[in-house]
Each structure stands twice: as C-alpha cells, then as structure tokens.
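# Examining the three-dimensional arrangement
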There are 4 protein chains.
Amino acid sequence: MDVVEYRPQPDQYVWTFGGVAPSHHVSPGTVLRLWTEDAFSGRITRPSDRPMDVLDMTEVNPQTGPFFVEGAEPGDTLALHLVDLTPARDWGASALIPFFGALTGTDRTALLNEPLPEHAWIYQLDRARGTVLFEARRGQLQIELPIAPMLGTVGVAPAGREVRSSLVPDKFGGNMDTPEMRAGTTCYLGVNVAGALFSVGDGHYRQGEGESCGTAVEGAMDVTLIVELIKGSPTSPAPEWPRLEHDEDYVVIGSSRPLEDAWRASQVGMVRWLGELYGLDPLDAYQLLTQISRSPLANVVDTNYSAATKIDKALLPAADAYGGMHRHLREQAATLI
Amino acid sequence: MDVVEYRPQPDQYVWTFGGVAPSHHVSPGTVLRLWTEDAFSGRITRPSDRPMDVLDMTEVNPQTGPFFVEGAEPGDTLALHLVDLTPARDWGASALIPFFGALTGTDRTALLNEPLPEHAWIYQLDRARGTVLFEARRGQLQIELPIAPMLGTVGVAPAGREVRSSLVPDKFGGNMDTPEMRAGTTCYLGVNVAGALFSVGDGHYRQGEGESCGTAVEGAMDVTLIVELIKGSPTSPAPEWPRLEHDEDYVVIGSSRPLEDAWRASQVGMVRWLGELYGLDPLDAYQLLTQISRSPLANVVDTNYSAATKIDKALLPAADAYGGMHRHLREQAATLI
Amino acid sequence: MDVVEYRPQPDQYVWTFGGVAPSHHVSPGTVLRLWTEDAFSGRITRPSDRPMDVLDMTEVNPQTGPFFVEGAEPGDTLALHLVDLTPARDWGASALIPFFGALTGTDRTALLNEPLPEHAWIYQLDRARGTVLFEARRGQLQIELPIAPMLGTVGVAPAGREVRSSLVPDKFGGNMDTPEMRAGTTCYLGVNVAGALFSVGDGHYRQGEGESCGTAVEGAMDVTLIVELIKGSPTSPAPEWPRLEHDEDYVVIGSSRPLEDAWRASQVGMVRWLGELYGLDPLDAYQLLTQISRSPLANVVDTNYSAATKIDKALLPAADAYGGMHRHLREQAATLI
Amino acid sequence: MDVVEYRPQPDQYVWTFGGVAPSHHVSPGTVLRLWTEDAFSGRITRPSDRPMDVLDMTEVNPQTGPFFVEGAEPGDTLALHLVDLTPARDWGASALIPFFGALTGTDRTALLNEPLPEHAWIYQLDRARGTVLFEARRGQLQIELPIAPMLGTVGVAPAGREVRSSLVPDKFGGNMDTPEMRAGTTCYLGVNVAGALFSVGDGHYRQGEGESCGTAVEGAMDVTLIVELIKGSPTSPAPEWPRLEHDEDYVVIGSSRPLEDAWRASQVGMVRWLGELYGLDPLDAYQLLTQISRSPLANVVDTNYSAATKIDKALLPAADAYGGMHRHLREQAATLI
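Because the structure is predicted, anything quoted here is derived from the model rather than measured.

Reading guide: rules and limits
- Residue numbers here run from 1 along each chain, matching the order of that chain's written sequence.
- Lettering of chains starts at A and numbering of ligands starts at 1, both following the order in which they are written.
- The model is predicted, so local features are restricted to residues of pLDDT at least 70 and side-chain atom pairs to those at 80 or more, both for listing and for counting; the totals for chains, interfaces and linings are taken over all residues.
- Just so you know, side-chain values use all the structure's heavy atoms and leave hydrogens and water out.
- Stacked, tilted and edge-to-face are the three classes assigned to paired rings of Phe, Tyr and Trp, where Trp is represented by its six-membered ring and a pair needs centres within 6.5 Å; plane angles under 30 degrees give stacked, over 60 edge-to-face, the rest tilted.
- Working definition: helices are DSSP H or I runs of at least four residues, strands are E runs of at least two. Numbering for both runs from the N terminus.
- The buried label goes to any residue with under 20% of its type's maximum accessible area, the exposed label to any with over 50%, and the partly exposed label to all in between, with areas taken from a 1.4 Å probe on protein chains only.
- Either the NZ atom of lysine or the CZ atom of arginine qualifies as a charge over a ring when it sits within 6 Å of the ring centre and within 35 degrees of the ring normal.
- Only residues with pLDDT of at least 70 in both copies count here: their C-alpha atoms drive the least-squares fit that superposes the copies.
- When checking whether two residues touch, look at their non-hydrogen atoms; a contact exists if any pair is within 4.5 Å.
- Throughout this description, the term salt bridge denotes a Lys or Arg side-chain nitrogen within 4 Å of a carboxyl oxygen of Asp or Glu.
- Take the number of residues in a helix, subtract one, and multiply by 1.5 Å to get its expected span.
- Each pair of strands is called paired provided DSSP finds at least two bridges between the two strands.
- The axes used here are C-alpha line fits, helices contributing only the stretch in contact, and every angle between their N-to-C directions lies in the interval 0 to 180 degrees.
- A 1.4 Å probe defines the accessible area here, and the buried area is the portion of it lost by two parts on being joined, summed over both.
- Here a polar contact is recorded for every N or O atom pair within 3.5 Å, except that within protein the pair must consist of a potential hydrogen donor and a potential acceptor, and residues adjacent in sequence are included only if both atoms are side-chain atoms.

For the rest of this paragraph, the subject is the packing of aromatic side chains. Inspection of the entire model under this criterion finds 36 aromatic pairs over all chains. Geometrically, the ring pair formed by Phe17(D) and Phe172(D) is tilted, given 5.4 Å between the ring centres and 45° between the ring planes. Taken together, the positions of Phe17(D) in strand β2 (residues 16-17) and Phe172(D) in the loop between β13 (169-170) and β14 (173-174) put the pair 155 residues apart, joining distant regions of the chain. Phe172(D) carries the same exposure label as Phe17(D), and that label is buried. It is Lys313(B) that lies over the ring of Tyr250(B); its NZ or CZ is 5.1 Å from the centre.

In structure tokens, the structure reads:
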C-alpha cells in the first residue's frame, strides 16, 4: 500500500469543505498517516485561558487536507477507514465559549440573557492508564475518565457549488461530532465533486453524546486511515447521508435542525440501507427499525444538529455492505500494525 | 412486605393520569404484582388486522391503577422499583397507524400526503429462547430478536389540576416509551397530588430507541414492583423531570417538542442531579456531562418527544442517591425471587 | 335574545378547560355579558410589584365559565361571536416572569442561564384617546399606543377525557393569544363533550404578534358575546383546529411545537376550509394558499406555540361559511348596540 | 447618479452567494437597472410541464450580479433601495416539486411517504388590471389576484469563507422570500467581504407569507435599485441579521430552523435596532416589542426558514435610522421616475 504522511503547518490548515486546492492527490488504497491540530488551533493551553482572549474565531477547527482521490467522481462513494487514532499531546482542552453550546442561548436560539461565564478546562492525559483527568474548577472533585479517541470532523466537498465552514455538519459529513467515528470505523460518504476532496480534523480524546457545552476533550491527534473508492452503480448508489460501519454496527448520521429532522434523516437513511442489504420493503424496514435501532445523539450544538441511527449487526442476518468493503479494510488495517 | 395483586378487568382500565379514583390504597414498602394489557387494548391479534378497523382510538394505552400511596404529598418523591417484567402472552403486536409515527405526517406535522398504508405485525414469543420473531410482510425475511421487556408508561397524576391522556409523556412521567424502564430500574417521580396516584402500563417486549413507527412489540405484561416514598426536604427536593436509576446508570428523561428541548430538559435535570450527588457546580457539571453523558432517544412519536441523558455510574465516584434507595430496593427485590 | 350576565367572584374563577362543573346552562342564541379578570388574577397593580412576590402561579389566567350549551354534542361546532370587548379597568399590566417568554430559557428550552430580571410595567388607559401608555423603566421614553382589545383565551373542554390548564392552547382553543380574537370575530370550535363547556378570559388591551415576553397588556375585560351552535353533518364537520371569521378574513389557528408544526396545522386547516367553501382540490388549495395566505404569529411563549393562517375574503369569491353564520351573528350583534 | 444596466445572459447567471467574480464594480450612489430571470431559470412555461422533466435542479434561482461595491469592507453596512419592480413577462409560474414545500416530507423532514404529485400552474398577467389569474387545475375556479411584486433573493457574500447556494437564506440575506422586499424597501445588509458582492434575483409577482408550496408566482423581473454604503462605526455597527425599512415600517428578518429560532433572531435583532434608534434598554425594548411587533412569516420551505419582526413607524417616535438613509434614498428614487 502507498503511504502518505502529512503534518500540516499552521499556514496549511484548511477551514472549509470545498473551495480549497488539494494538499495531495492519492489513489484508492492509499494509507494516510496524518496529524490534526485541535479545534482551538492549539490556542487553549491552560485553565486560566479565557477563550475569547486567546481564540481567533476565524481560525477554529482546522482541517488536514483536502485530499484529491484519483478517479473519484460525483455519484461514487468514498470509503475512509480509520485505522488508528492516538492522542498527539499529553493533554486535551475544553471550554465554555460565549453564546455557544446546547444549554445557553446562541446566535440562533437568540435570547436576551447574558452569556454563561467563559471557562477552560485542561484534561491531563495518562497514557499508561489510558485516561484523562477531569478537574472541577469549583470544589475538589477530580475524575479519571477513560480516553475514547474519535474524530469530530470527516467530510468531502459539498454539492451544489457550496463551500461550508469546517464547523458545519451536513450531507457531506463535516463536523458531525459523533463518538461513533473512532478507530475501527469505515465512513462512507457520497462524492460530490471530482476527487472528492476530503479532509479530517477535530480530534476528541473523549466526548459524550450531544457534546453538550460545544467542545469535547479537544486534542491534537495522530490519525492513520485508508482511502478507498466505490464506483457508483445502480446497486451501489452513493448514500445521501454519511454511513458508518463498525465490526459490530451499521450507523447512519443525519444532520439538520430541529433535532427530530436530523434523526428522521438518519432513520430514512437506515431504511434505505436495510433495503440495499436485505431487499427489505421500506415499511418492513420501518417496522424493524422501530424494534432494533439505537439512537445515540452526536451533537446538539453545531450549525446543524447530528443524530445517529445505529443497528447492532448481531441482530441481523450476515450481509456484506459494499461488497465486504469494511472487512477488506479491516484486513488491510491489520497489516499496518 | 405487603403484597397487592391486581389484574384489572377491561371496565377497570384507566386512560388518563389524574382524574380517576384510585383502584387501591397502598403503603410505602408494598409489593405490587400487576398485569397490564397492551397499548392496543388487546385488539390487534393477527397480521391481517387492519388497525383502524379493530382499534377503538378512544381506548388505547390502558393503565393499571391508579394507586394512592399513603402519606405521599406534593413535594415528595415517589420511588417505583421494577422488580420483574415478564411477557404475559406468547405474542406481541406492532402496527402502522395512519398519521402516527416519526416518518409520516401527523396531525401536528400536518402535511397533505396520504397516510402510509396500515399494517400489523405479530411477533411470536419463544420463551425458551427469550426471543420474538420479526416476519417481514413482503419477502421472506425472518429475524429472531432477543426480548427486552420494558414499560412504556409509568406516571403519577399531573400538577396544575390537569388530567392527561395515557398517551402523553411529560414531567409527571407517563408515556415516555424509554427502553431504560426495565426490570432492575428504580423510577423517581415528583409527587403532585396527595397520594401520588400512579399507574403503569404499555408493556413492550422490545423497542428500539425512538420507537420510530409509534408502536413497539406491544404485549400484555406481568409486572412486579415495589413502591417507596421519599419525603421532600431541602436535601431531597422532588425532581422536576423523571429520574431512573439502574445498578449501572443514572438516567433523566425530558419530554417536550422540538426534540432538542426534550433533551435539554434531561440535560439540565442531570446537571441538577450531579449537583445533589457531588455538590458539583452547574458549570462543572455541564462540562462533565459534555464528556460522559450518553443520549439515547426514547420516543420521537408521542405528543411530547422523550430523550434520555444517561451516565455510567462506573465513571463517577460512589454516591448514594436518595440515601441509597435503589440499593435498598434491589435488596428487597432479591427477597422476592 | 336571552341575555345572561355573569361577573364571577374570585372563588368562582376557573383554571382549566374541562374538569369543572358549568357555571351556567345557556341555549344557542343567548347573549352573554361577562367580566373577565386579567391573567395575573389582578395581583400586579404597580410597576414596583415583583411578579414572583405577588403572583400565585397556581392561580393564573382565570376563566369565566364554563358554559354548558344546550344541545351541543361531540361533532357539533360551537360558534362564539365576540360583540364587544371593553377594558374594565383604567390600566393594564405586563411583566417579565422568570423562565417564561420567548427570549429567555424556560423549563423546556432548559438552559443554565440565570433568569432575566423580574419587572412589571403598568399601562395607563386613556379612554378618550383610546390609548395605553408605555413607560420605559430605564430612561424617559413614553409611547402612547392605540388599544386593540382582544381575548387571549377562548376554549371548550378538550377531547380524550383530558383537563388542560387555562395556560394551554390546542385543538380545543384555549390560550391561543392571537390578536385576531377581537370584537367582530366569530370563533368556531369543535365540540368534544356534551354541552361544549366553553369559557373565556385573558383580556389584552393590546398585544403584538408572538406575545414575545409572555404577557400582553393584561387587563380585566367586559365581554359581550353571542353563543350559537352548528350541528354536525357531512357538509358541516367540526373543524379540527379553531377557525375565526371576521368581516374581512378567514383565519385558522394551529397550536403545537416546534413553531413550524403550529403553522402547518393552521395551513392544512385552511386547505380543508377552502375545500369546504369552494370545493377546491387540496393541491389547488395548497397552491392558492401559497400566493395569498397571511401568516401572523399568535404566541411563541405558551405550552404550545400558536400560528395563524389568514386569508383576506376580498381576494376570494363570495362564500357563506357555515350557512352565513358570521353574517347572521353580525346582524344580531348590531341589535345589541 | 451613475446608472448601470445589466441583463445577464444564461451563461452569466450566478448560483451562489460568494465564490464568484463580480459582474460589475459600482460606486455607492449608483443606480442599477437589472433584469432577473425567474427561479425556474425560465424552464416552466406551460401548465402541462412536469417540473422534474423540465427543470435542471443544479440551475435554479439564478442571480443577477454579483456587484462589487467600491469601498465596502467587512463591518460596513450595504443599503440597497428597491426603486421599482416590474414584471418582465406576461405570465408567472408556480409548481409543486417533489419533496419540496412546507406541507410535504422533504430531504430533512425525511418521511416514508411518496412525494405529492408534480404540478405546474401558470398565472397570466393582466398589466392593465394589475392582476395575475389563478386557475385551478381541478374544477373551474379562477381568481384574479392583485400583483404585489417582490424579490425573493437579495444577499451579499457570506462570512467565514463560505459560499452558499442561492436557495439559502441566512445572515447574509439570500433567499429570504419575504413579501416585505418590495418596491420602496431599503434593505440593510452587513458586509462580510471586500466589495460586499451582492446579487439579486427570484422575482415574485405575488407571494403569501410562508410561501407554503415552495414556489411563489415566479417571474422574470425588471429591477431598479440604488446602492448605498454606510461605513461601520460604533454608532453604526453592521446588523447581524438583514434589516428592511419601508416608509411605514421597520423590519428585521431572521433565518434558521426550527421556525421559532428564525423568529427569535428577528426579535433580538429588533431589540437591538430599537436600542440603536431610541437608546432603549433591552428589557424595555422586549416589553415594547411584546405589545407592538407584527410577525409575518416569510418562508417555511427553504434550507433555513425566515421570519420577520415588523414595527409600524407610526407607533414610534420619529427617528432617523442610519442618519436618514431611507428618506435620502426615497428622494433619490423620486428623481428616477
């Protein structure tokens, strides 16, 4: 397998999906060994940092990429397999940012309240124990939490000539902020433009479902992934919404507002996937989903909210999504370790 | 422990929370051995049943109760511990009902589309294997699914002189339709009226998160539960929203529309619970939630949608919610088996 | 015409729709001369009143009624014609109440912000000029505003055995808080229980569309109305959502959350009304609505939000809704002045 | 005044806000005499046209522009005064497009229903009578409706490096689809990029509030407008959301989902505007808005929904927004006729 290594310098960070020239051209089958800066662009380093003093809000959530995938055309499906996610620093950061987060007014849930106080939290990483340390700002409570590395942001260039901020999740993927995007995951995204032009970023050392305050345990990440391409065909149409596959689960991510619409999109996406996998009639799939889908929220803080529909493969007959692509990529990944 | 057994006759079914005289007066500490009819009032029995032909929509979701708890007063907290939930029939039923469900227009998401077709599905129960059988109506697909019995509806009489349909979830509990309400769960509900007047119903042999089509694998249920009462005090205020406790988790259920508001209510409810348990400052609790909360949806189909915020106790320091009430009830429950 | 006069004493105030014995039995055609207390139960009288000190939140929005209409049965349509609304006091009151209003967190849009400050505003009425006086609390700005008396709350007993707080708007009418409910309006409500059991209250001397802060210029009101009944028939089905008729407009009010669903309900309600009036196909009605409907919001603060779809009769061919009921009532009203 | 005339050819149509080189550079004070193609790119011409057969969904809502305004920099406010809107064809078109519109499932309110039937309606314009003719597709109903020309789409390049489809409304203006955007309106938009790069399009010969089915009476338009620029300063900050001024009203347009958030944004925008105009404290402005704001919906069909907060100037003390800019532009406009 070809291997490309890339650690972007600050002037190479990318802030959008679409609208940017590719950093690399890669062939399907290539292994990428990447480094991603954290969503704060590395600017929050101490508990005493006041977010609005140290952050540049025009430079948040830097992406590594974009990568032009040779042969990718609109209608195809890009498959990105996350082989490994390893924290690249010994600490992560989280923060309360004014008018951002699920439990405060925002520019859209526009209210007359003052913003909540600004605060930063720094989580020290213990690599040996595989934990980060929560330290309350008021009082003495400290809690060791297992790390659970994930990528908040994985996306391709959008359709319809659009260029979207790296803060946005939508059909092109982007800032979905779902803990389902972890090592071992294959992410399927519909290709909208020649070359797909995907990028990744926004490593989280751990995150709850919903990302309540708007920022996870944000941290620079060493990312290993494999790129693959599934050419479009009547039996392999590009998915409308991002699909994820684990060894254990199928997942579809919908992103919209209000939150029920994000979830509905993920549900209809799963009805379609079950149709593709089993020839299941849509109403039978609806019935089956009703009894077996898990619905972990992803984020309720971004420009669009993101919700997942997730099915345990063990409940279903064996099937090979995309011709066994995930299994193939797991085997490839195993050769890399 | 006192034991009360009750299998209501059809003319004893109750269709509301509030507004109904109690079926029984019980003391805290009482064990109830109950039978609950299914949400269809037992009227869907065959795959060929057309829901609108066989259902009486004025008699759906029958409740068993209500129970007047001696000594319960507004400001107190009712604790209901579900000791055992056993399917009372050898089959369960689900159905597509016109203009009901998450992936169709409804009377409120009012559209001009025709309703989806009516359909019923019957799930045969295999007690030995602990499964129900999904049978596709079109095509041959059959899937054995493990049972996971739960109660869709657990509630007390509402505040503010209201009487609510048993189809409604809100602060008083009610039709929350969360798979978290299972054997082993302690449900804490704020008491609004003298005697609390709680009832239970809506057994599901299994249900996905969101209850997409609006009806789970609905089935009559044998229910064993223990009633306890926590008198209100400054250190034990009644919860605004229902709280659940498992051996493994704390859970808060919010119910509202749009779905983000249901979830926000559950999140703020958990911020408060963490404050009670650990003296944690609200902003520290918000931060901690961001990194550890799980957010499985309950229902996206009822009059209010319901969402859960759930925390794995293993992530937190040891604590005794309500003076160790759950542990106490688990011990009591163990003596019953 | 029979005339009934009724000025309830405080112990006769009613706080719910449904669940209360009628204050009077009246025949269709009866004129009611009523007095309604304001939504604060008259407890806010000075700008220095702190709402949470003087209000009893279990006694807000008192209703005058309920009235049992002889012959009214489920499936019928109640027609209430507002003949006259005259302020019954020389001042009105408005207030910021903690965690209530559109531009603040609430118990459902649950946030971690502190509540906005409590404040009261008293508006002096100048009967000769027909104005109320806005006086800024900070700074010197005073603005005379024309009065535009309306009733925030008009409703019947709900369906489905429910009893709802007088703070709630829904299909039964209730606390819709629409400025369209003014002298000259005929309000059509579907009857859910024998006698309809309607009540009225919540006079506003004026209100903007949306009732942003949650309380209008609230004031006691002298109300004259005429009761009529339209028996149900295939050509006169009871409306699912409240319909209003002015000399100039047809209006349908939908109430739900999120706000788009309230509006969708009002839109589909108008599609049906256009179908009844003109035999118009639903898709043609949808097209026509697209070009002519006005959509003034009613409230974005109550348990359900309320939105109106409104059509200028001058744009439509002449038609006689409900057999010319509104015209008939206007003629009756003219004899009363 | 400099006058620029521009009738773009099809290969000059623009499909986005941002991301496109300017068609013209213009100085503040310039008069533009423009022609805009309809939102269907002129492809629906007969009632028998099936939208999905004749439309190219990658080429809808063509814009005329963008115009680079000399001297415009981020932080400034662009003022566009619509002098005249005259239908440029003798007919307009509307259509039902599958999975688009407020009363049908969409890609986001994702449901399992089949799409509503496709249909087109053609409205013949009678210039002498100033009307367009609605003709029902089923039955004989015909209704003459007064024309009320407006522009659905007026916007500048977005902030944050984004490029947005011309179908999107947001802070940059865009596809707000509000009937308030008519001849006589001054539209104030915050400038995000050097030159502002504004464009206009999407003429409607008339439209109801909400644009229910998703398409108004769409028609090519002759547009005359004057461009002005207000340099940013502490007393003239750029507005966060689009502001409109008529001789009679102030209007703020918010765009988001759910609909209550669009409206909240417009309300908070008006609280701020009242603060700028009268030095009014935010809570006093909130109180005043509650009693006087009108809230006509704009669209409930686009990627973001748009809602207006509107205040009748006659209710307020005299004030000169932006130093009397609107009056100045009205005087300029008068010289053009």
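Structural alignment of chain D on chain C gives an RMSD of 0.0 Å, achieved by rotating through 180° and translating 0.0 Å along the axis. Seen this way, the second copy is the image of the first under a two-fold rotation axis. Using C-alpha coordinates, one finds that chain D approaches the rotation axis most closely at Pro296(D), a distance of 2.3 Å. Here 100% of the interface residues in chain D have copies in chain C that are interface residues too; the copies meet face to matching face.

Evaluated as defined, the whole model comprises 96 salt bridges over all chains. Residue Glu118(A) pairs with Arg50(A) through a salt bridge whose shortest N-O separation is 2.9 Å. Here Arg50(A) lies in the loop between β4 (31-36) and α1 (51-54) and Glu118(A) lies in the loop between β7 (91-96) and β8 (119-126), a separation of 68 residues in the sequence. According to the relative accessible area criterion, Glu118(A) is buried, its value standing at 15%. Judged by its relative accessible area of 44%, Arg50(A) falls in the partly exposed class. With a closest N to O distance of 3.6 Å, Asp107(D) and Arg108(D) form a salt bridge. Since its relative accessible area comes to 31%, Asp107(D) is described here as partly exposed. Overlapping salt bridges, with partners in common, bring together Asp107(A), Arg108(A), Asp170(D), Lys171(D), Glu240(D) and Arg272(D) in one network.

Quick look at helix α2 (residues 259-278) of chain D now. In this model α2(D) runs 28 Å from its N-terminal to its C-terminal C-alpha over 20 residues, within 8% of the 28 Å that 1.5 Å per residue would give. At the exit of α2(D) stands Gly279(D), carrying a positive phi of roughly 65°.

So, on to the sheet that holds strand β10 (residues 142-146) of chain A. Across the sheet, which stays open at both edges, the four strands sit in the order β7-β8-β9-β10 (chain A) with antiparallel pairing between neighbours. Only two strands of the sheet have a single neighbouring strand rather than two, namely β7 and β10 of chain A. Taking each pair of neighbouring strands and ignoring which way they run, the sheet shows an average axis angle of 25°. Pairing of β8(A) with strand β9 (residues 131-135) of chain A involves three bridges; the strand directions are antiparallel. When the sheet's bridge partners are listed, Asp126(A) is paired in β9(A) with Thr131(A). Across the sheet, helix α3 (residues 282-292) of chain B is in contact with β7, β8, β9 and β10 of chain A; its angle to β8(A) comes to roughly 45°.

Taken residue by residue, the interface counts 62 residues in chain D and 62 residues in chain C. Together chain D and chain C conceal approximately 5,200 Å² of surface at their shared face, both sides included; 63% is due to carbon and sulfur atoms. Contact with chain C buries surface across chain D, with Leu103(D), Tyr286(D) and Gln291(D) losing the most and accounting together for 14% of the total. Our count for the chain D to chain C interface comes out at 44 residue pairs in polar contact (both at pLDDT 80 or more). With nine residues, helix α3 (residues 282-292) of chain D is the single largest residue contributor to the side of chain D that touches chain C.

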